[in-house]
Amino acid sequence: MQPNKIKISINPIKISILLELVVILTVLLSLSVQILFYVAGSAKAGWWLPLVNVDKELSIPSLLSVMQFYILAFLLAMIGGIKKQVNDPYHWYWLILAALSIIFSFDEGASIHELATQPLQRLFGQNLPGYLHFAWVIPAAILVLAILAFFLKFFFSLPRRTQILFIISVFVYLSGVLGMEMISANYAEINGIKNIVYNIFVTLEETLEMTGMVIAIFALLDYIQKNSSEIGIQIH
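Rules used throughout
- Residues numbered from 1 in each chain as written.
- Predicted model: local features only at pLDDT ≥ 70, side-chain atom pairs only at ≥ 80, totals over all residues.
- Heavy atoms only, no water.
- Helix = DSSP H or I, 4+ residues; strand = E, 2+ residues; numbered from the N terminus.
- 1 Å grid on protein atoms, 1.4 Å probe; cavity = no way out; pocket = protein on both sides within 12 Å on 5 of 7 lines; lining within 4 Å.
- Points joined across faces, edges and corners; volume = space filled by probe spheres on them.
- Nonpolar A, V, L, I, M, F, W, Y, C, P; charged D, E, K, R; others polar.
- Phe/Tyr/Trp six-rings, centres within 6.5 Å; stacked < 30°, edge-to-face > 60°.
- Buried < 20%, exposed > 50% of the residue type's maximum accessible area, 1.4 Å probe, protein only.

Draft legend 1. Geometry of the environment of Ile112. Looking at the secondary structure, you find Ile112 in the loop between α4 (91-110) and α5 (117-124). The spacing of Ile112 and Trp136 is 24 residues in sequence and 10.0 Å in space, taken between C-alpha atoms.

Draft legend 2. Molecular detail of empty space enclosed by the protein. Counting across every chain of the model gives one cavity of 30 Å³ or more. Each pocket or cavity is described by its volume, and for the largest cavity that value is around 30 Å³. Around the largest cavity, the lining residues are Ser65, Gln68, Phe69, Glu108, Tyr173, Glu209, Met210 and Met213. At the level of secondary structure, the elements contributing two or more residues to the lining of the largest cavity comprise α3 (60-85) and α9 (196-226). Class assignment for the residues of the lining of the largest cavity results in four nonpolar, two polar and two charged.

Draft legend 3. The packing of aromatic side chains, seen in detail. Tallied over the entire structure, the rule returns 15 aromatic pairs. Measuring from centroid to centroid gives 5.1 Å for Trp94 and Tyr223, while their planes differ by 40°, and the two rings are tilted. Pair noted here: Trp94 is in helix α4 and Tyr223 is in helix α9, with a separation of 129 residues, a long-range link. A relative accessible area of 2% places Trp94 in the buried class. With relative accessibility at 5%, the residue Tyr223 sits in the buried group. An aromatic cluster of at least three residues, connected via ring pairs, comprises Tyr90, Trp92, Tyr93, Trp94, Phe150, Phe151, Phe154 and Tyr223.

Take a look at the structure:
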């Protein structure tokens with residue numbers, strides 16, 4: 001049974017460009033305030049740091065990241081729900097991805113993953129290299145590999161274009177959440193975190209993360225647009 005078609009006037013490219021502009025403006029605002037505080041020594045800039053700092057919970061950048069996860073969850077759940085109506089055997093993969101997006105949004109907003117750092121540091125003692133100073137990346141990397149393995153069959157069921165977009169989005173996101181995190185961790189172990197260089201690293205990290213999310217959102221909107229006859233939603 002084919003679902004009734006819903007027509008929505010959305011341009012995936014324009015929406016993604018708009019979202020990326022919001023990301024760029026957000027990180028530039030954060031970086032500007034940090035330069036004023038750490039380089040120019042502005043005390044007033046310190047008042048704004050908790051609000052605009054990309055490395056703080058409940059800040060504007062943090063809320064933007066949470067919003068991106070919610071958008072992803074909505075799109076994934078919508079596709080999964082429609083796929084279920086047409087008895088697509090892979091519909092539950094979409095729904096699991098939607099649930100994971102919600103879970104990750106909670107973690108992004110509250111930085112729950114960082115709670116693992118101190119117990120792991122105590123477990124390994126001084127044996128961890130600087131790149132693993134923020135030791136939560138160890139279980140995170142294992143979790144990433146497990147998730148990728150679980151969704152491998154689903155991934156190969158997707159159209160080639162969607163596969164490429166997903167690869168790009170995951171690569172960009174993980175370059176930030178794990179790659180830049182390890183680089184900033186190594187620097188932080190030696191120089192601490194209350195300096196402009198560390199915060200530049202963190203800004204790059206968050207920029208990559210949020211950009212990866214934007215690419216994922218574009219991939220889903222593009223998938224809906226290219227498969228409108230199957231999904232039942234037309235995006236223009």
